[in-house]
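What follows is each chain in one-letter form.
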Amino acid sequence: MPLNIGGKSARFEALLGNKVPPAILNPPYTTMAAKEGYKLLEDLAPMDVRYLRNIVAVSEKSLREDSRALSRFVAALAEGMQFNRNKSKILAKYLCLPLEKNRAMIEEDYETYRELMLKKPYADPSAMKILTAMIAEANPKARNIDLASLVGSSFVEQLEREGAFDR
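Residues numbered from 1 in each chain as written. Predicted model: local features only at pLDDT ≥ 70, side-chain atom pairs only at ≥ 80, totals over all residues. Heavy atoms only, no water.

### Describing the overall build of the chain
Line of reasoning, step 1. Looking only at helices and strands, one finds 8 helices and 0 strands in the chain.
Line of reasoning, step 2. From first element to last, N terminus to C terminus, the chain shows the α and β order α-α-α-α-α-α-α-α.
Line of reasoning, step 3. Expressed as a percentage of the 167 residues in the chain, the buried residues total 26%.
Line of reasoning, step 4. Restricting to contacts in the chain with at least 6 residues of sequence separation, those with at least 24 account for 53%. (Helix = DSSP H or I, 4+ residues; strand = E, 2+ residues; numbered from the N terminus. Buried < 20%, exposed > 50% of the residue type's maximum accessible area, 1.4 Å probe, protein only. Contact = heavy atoms within 4.5 Å.)

Structure (structure tokens):
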């Protein structure tokens, strides 16, 4: 039975501590696990599997009443994504690894992960299919949800028109 262990570092620590037999890992934990003698069973990256990454949800009321704040939020999110695509130092910081000691591994894994990062934060309704299928097992009404109606991309489209992703 799957266990909810926590974030990336918690899953890695649980694997190293033999608390779980397998664990889902992301770079650079994949490289770190391989160095510890663990075998990597599957790499989903080349499979181009659609999945939900980081989702920002908002109510219809907020869309109507706070659209300026939401627009600024999406612009900041997009700017952060672009900044993060170019900074391995950020990855080292949030992995709690000293960059100088682990530079080669972090940069190797960062380049792998960088290619997987979205360049523009468009929501992908097709990625929601797996989630709604799981929900539909317990609640059959979920099968009738129009996924496209749950996704709004107007803020990202506006940023694209303004050339925000070209900077």
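### Points about the side chain of T132
Line of reasoning, step 1. Within the fold, T132 resides in helix α7 (residues 128-138).
Line of reasoning, step 2. In this structure T132 comes out as buried when scored by relative accessible area, which is 13%.
Line of reasoning, step 3. Among the polar contacts made by the side chain of T132, one reaches the main-chain carbonyl oxygen of K129 at a distance of 3.1 Å.
Line of reasoning, step 4. With sequence-adjacent residues up to four places away left out, T132 is seen in contact with A142 and L147. (Polar contact = N/O pair within 3.5 Å; in protein donor to acceptor, adjacent residues only side chain to side chain.)

### Overview of the packing of aromatic side chains
Line of reasoning, step 1. Inspection of every chain in the model, using the stated rule, returns 1 aromatic pair.
Line of reasoning, step 2. Here F12 and Y29 contribute two aromatic rings whose centre-to-centre distance is 5.2 Å and whose plane-to-plane angle is 40 degrees, an arrangement assigned as tilted. Placement of F12 in helix α1 (residues 8-16) and of Y29 in helix α2 (residues 29-35) is noted, with a sequence separation of 17 residues between them. The same class applies to F12 and to Y29, which are both buried. (Phe/Tyr/Trp six-rings, centres within 6.5 Å; stacked < 30°, edge-to-face > 60°.)

### Overview of a nonpolar patch on the surface
Line of reasoning, step 1. Together, V56, F73 and L77 line one region of the surface with nonpolar side chains, adding up to about 250 Å² of accessible area.
Line of reasoning, step 2. Locating F73 in the fold gives a position in helix α4 (residues 67-84). (Patch = residues over 30% accessible without salt bridge, like charges linked within 9 Å, V, L, I, M, F, W, Y side chains within 5 Å. Areas by Shrake-Rupley, 256 points an atom, 1.4 Å probe, with all protein chains shown as cover. Salt bridge = Lys/Arg side-chain N within 4 Å of Asp/Glu carboxyl O.)

### Things to note about the pattern of salt bridges
Line of reasoning, step 1. One pass over the structure, following the stated rule, counts 1 salt bridge.
Line of reasoning, step 2. With a closest N to O distance of 2.4 Å, E160 and K120 form a salt bridge. With E160 in helix α8 (residues 154-161) and K120 in the loop between α6 (99-116) and α7, the pair connects residues that are 40 residues apart, well separated along the chain.
Line of reasoning, step 3. For E160, a relative accessible area of 31% gives the class partly exposed.

### A look at unusual backbone geometry
Line of reasoning, step 1. Its identity as a non-glycine residue notwithstanding, N18 has a phi of 60 degrees, on the positive side.
Line of reasoning, step 2. Mapped onto the elements, N18 comes out in the loop between α1 and α2.

### Comments concerning the confidence of the model for the chain
Line of reasoning, step 1. Per-residue confidence for the chain gives a mean pLDDT of 80; residues scoring 70 or more make up 84%.
Line of reasoning, step 2. When mean pLDDT is compared element by element in the chain, α1 scores highest at 91, while helix α5 (residues 88-95) scores lowest at 68. (pLDDT = per-residue confidence, 0-100.)

### Describing α1
Line of reasoning, step 1. Buried residues of α1: R11, F12, A14 and L15, and no others. Down the axis, α1 shows its buried residues gathered within 160 degrees of arc, on one side only.
Line of reasoning, step 2. Buried residues along α1 sit against α2.
Line of reasoning, step 3. Downstream of α1 by a residue or two, N18 has a phi angle that is positive, lying close to 60 degrees. (Arc of directions from axis to C-beta.)

### Concerning the environment of P22
Line of reasoning, step 1. Looking at the element boundaries, P22 is found in the loop between α1 and α2.
Line of reasoning, step 2. Sequence separation between P22 and L41 is 19 residues, and the spatial gap between their C-alpha atoms is 9.0 Å.

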